[in-house]
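# Structure at a glance
This is what each chain is made of:
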Amino acid sequence: MKHNLEHTISLLARTPATLDALLRDLPETWTLQNEGENTWSAFDVVGHLIHGDRTDWMPRAKMILQFGETRAFEPFDRWGQVRESQGKSLAQLLDEFARLRSENLGKLRSLNLRQEDLELRGRHPALGVVTLSELLATWAAHDLTHVHQISRIMAHQYRNAVGPWSAYLGVLQCAGHSS
């Protein structure tokens, strides 16, 4: 499927409500458990999405529009959510994510991007030259990756409880997709 900005915005707008419906008011045994050493919980993933919305997607889009390829993006701190989420509840994170995402999508819409704007190029510190279209499509795919990750983390909590049915549950066979 070719990138379509309105379709991207439509998906990005749904992620906060999706996570809210899935996670709000669940017992912490669902939301604070992870899959083992150096893995994230659902709580961590929501914090990561907030950190990305604050420091990655729109700041990088603005850099492309302002500087093109002449300035590389700041490297993304993949563990930045640890410090930013300290002392907060999951409900607070879900509310913060919904507010921040709404603000970011408002800013994105206000750019009134045209097709030629989407072809503008920026510089990723590890990947090299990328287009604004690729960045925005990645934002949507990133959301979907983490929705998938949360369902995998939560299913992992019942990996033993399901007994022999684990052979039929693909989510329990999935080893993850993030590097």
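None of the values given here were measured: they were computed from a predicted structure.

### Observations concerning the overall build of the protein chain
Per the secondary structure count, the protein chain includes nine helices and two strands. When the elements of the protein chain are put in sequence order from the N terminus, they spell out α-α-α-α-α-α-α-β-β-α-α. The C-alpha atoms of the protein chain give a radius of gyration of 18 Å, which matches the 16 Å a tight globule of 179 residues would have. The C-alpha extent of the protein chain, read off along each of the three principal axes, is 55 × 35 × 30 Å. Of all 179 residues assigned to the protein chain, the portion counted as buried reaches 39%. Across the protein chain, every contact between residues at least 6 apart in sequence was considered, and the portion connecting residues at least 24 apart equals 73%. Put simply, the protein chain shows about 10100 Å² of open surface, and 53% of that area lies on carbon and sulfur atoms. Of the charged side chains in the protein chain, 19 are positive and 21 negative, and the gap between their average positions amounts to 3 Å.

### Details of helix H6 (residues 90-110)
For H6, which comprises 21 residues, the first-to-last C-alpha distance of 30 Å matches the rise-based estimate of 30 Å (1.5 Å per residue) to within 8%. Buried residues of H6: Leu 90, Leu 93, Leu 94, Glu 96, Phe 97, Leu 100, Arg 101, Asn 104, Leu 105 and Leu 108, and no others. Buried positions in H6, seen along its axis, are confined to an arc of 160 degrees and lie on one side of it. For H6, exposure combined with an orientation more than 90 degrees from the buried face picks out Ser 102 and Ser 110. Contact partners of the buried residues in H6: helix H1 (5-23), helix H2 (28-31), helix H3 (42-55), helix H4 (57-67), helix H5 (81-85) and helix H8 (132-156). A positive backbone phi angle near 45 degrees is found at Asn 112, which sits one or two residues after H6.

### Details of H3
Because an α-helix completes one turn every 3.6 residues, residues spaced three or four positions apart along the sequence face the same direction. Over its 14 residues, H3 runs 20 Å from end to end, which matches the ideal 20 Å to within 8%, given 1.5 Å per residue. Taken across its 14 residues, H3 has 11 buried, putting it largely inside the fold. Where H3 is concerned, the buried positions are Ala 42, Phe 43, Val 45, Val 46, Gly 47, His 48, Leu 49, Ile 50, His 51, Gly 52 and Asp 53. Of the surrounding elements, those touching the buried residues of H3 are H1, H2, H4, H5, H6 and H8.

### Here's the deal with the environment of Phe 73
Within the secondary structure, Phe 73 is located in the loop between H4 and H5. When residues no more than four places from it in sequence are discounted, the contact partners of Phe 73 are Arg 60, Met 63, Ile 64, Arg 123, His 124, Pro 125 and Val 130.

### Re the side chain of Asp 56
Among the secondary structure elements, Asp 56 is positioned in the loop between H3 and H4. If near-sequence neighbours (up to four positions away) are discounted, Asp 56 is found in contact with His 51 and Phe 76.

Parameters and conventions
Every chain begins its residue count from 1, and numbering advances along the sequence as written. Side-chain atom pairs in this predicted model are given and counted only at pLDDT of 80 or more, local residue features only at pLDDT of at least 70, and totals for whole chains, interfaces and linings cover all residues. Each side-chain value is derived from all of the structure's non-hydrogen atoms; neither hydrogens nor water enter the calculation. By the criteria applied, helices consist of DSSP H or I runs no shorter than four residues and strands consist of E runs no shorter than two, each listed in order from the N terminus. A radius of gyration in this sense is built from C-alpha atoms; the matching globule rule multiplies 2.2 Å by the number of residues raised to 0.38. Using a 1.4 Å probe on the protein chains alone, a residue whose accessible area is under 20% of its type maximum counts as buried, one over 50% counts as exposed, and one in between counts as partly exposed. By the convention used here, residues are in contact when the closest approach between their heavy atoms is within 4.5 Å. For the area figures, the Shrake-Rupley method with a 1.4 Å probe applies, and any residue is considered shielded solely by the protein chains shown. Only four residue types enter the charge count: Lys and Arg as positive, Asp and Glu as negative, with His and the chain ends excluded. Where a charge lies is defined by one atom per residue type: Lys uses NZ, Arg uses CZ, Asp uses CG and Glu uses CD. Here a helix's expected span is defined as the number of its residues, less one, multiplied by 1.5 Å. Of all possible arcs, the one meant is that of the directions from the helix axis to the C-beta atoms.

No statement about biological role is implied by the geometric values presented.
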